[in-house]
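Remarks on the overall topology
Each chain, written out:
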Amino acid sequence: MCQHRPECPSAESTDHEAAVTVACHPDQGWSLLCNGVLLFDDTGELLPDGRVIGPRRPLAIAS
């Protein structure tokens, strides 16, 4: 899918978020990467094969 040289990380790579953004819709809360990954403002992701990666929330620090 990616036409960049060097090629961006695939959707299966651990660093898939490093791919180039091809569409950005901050008003709707999402961005599409050239590897087909949808990134959401809440840090959730939708992979091209339909898998969902839930939002990564910071852990609360006990005082």
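Attention in this report is confined to the structure presented alongside it. (Residues numbered from 1 in each chain as written. Predicted model: local features only at pLDDT ≥ 70, side-chain atom pairs only at ≥ 80, totals over all residues. Heavy atoms only, no water.)

Right, let's get into the pattern of salt bridges. Side chains that differ in charge, positive against negative, can pair when their charged atoms come close. On inspection of all chains with the given rule, the structure shows four salt bridges. Among the salt bridges present, the one from Glu-17 reaches Arg-56, with a minimum N-O distance of 2.8 Å. Highlighted residues: Glu-17 in the segment before strand S1 (21–25) and Arg-56 in the segment after strand S5 (52–53), separated in sequence by 39 residues. One network of salt bridges, in which partners are shared, links Glu-17, Glu-45 and Arg-56. (Salt bridge = Lys/Arg side-chain N within 4 Å of Asp/Glu carboxyl O. Helix = DSSP H or I, 4+ residues; strand = E, 2+ residues; numbered from the N terminus.)

On to the environment of Pro-26, then. Take Pro-26: it is sitting in the loop between S1 and strand S2 (30–33). Residues Pro-26 and Asp-41 lie 15 residues apart in sequence; the distance between their C-alpha atoms is 7.8 Å.

Listed in full, the nine residues of the largest apolar core are Cys-2, Cys-8, Ala-11, Ala-19, Leu-33, Cys-34, Val-37, Leu-39 and Leu-47. In contact with Ala-19, not counting residues within four places along its chain, are Cys-8, Pro-9, Leu-33, Cys-34 and Asn-35. (Core = buried A, V, L, I, M, F, W, Y, C linked by side-chain atoms within 4.5 Å. Buried < 20%, exposed > 50% of the residue type's maximum accessible area, 1.4 Å probe, protein only. Contact = heavy atoms within 4.5 Å.)

So, on to the pairing of S1. Sheet topology note: the S1/S2 ladder contains four bridges and is antiparallel. Residue pairing for S2: Thr-21 is matched across the bridge by Leu-33. Linking two consecutive strands that pair antiparallel, namely S1 and S2, is a turn of four residues; a positive phi of about 85° is found at Gly-29 within it. (Pairing = 2+ DSSP bridges.)

Another point: the environment of Gly-29. Within the secondary structure layout, Gly-29 lies in the loop between S1 and S2. Overall, the relative accessible area of 13% leaves Gly-29 in the buried class. C-alpha of Gly-29 to C-alpha of Leu-39: the two residues are ten residues apart in sequence and 8.4 Å apart in space. Setting aside anything within four residues of it in sequence, one finds Gly-29 in contact with Leu-39, Phe-40 and Asp-41.

Now for the sheet that holds S2. Taken together, five strands build an open sheet; the order of strands is S1-S2-S3-S4-S5 and the sheet is antiparallel. Both edges of this open sheet fall to S1 and S5, since each of them pairs with a single strand only.

Take the pairing of S2 next. Burial of the side chains of S2 is restricted to one face: Ser-31 and Leu-33 are buried, whereas none of Trp-30 and Leu-32 on the reverse face is. Note: S2 against strand S3 (residues 38–40), three bridges, orientation antiparallel. By the bridge assignment, Trp-30 is partnered in S3 with Phe-40.

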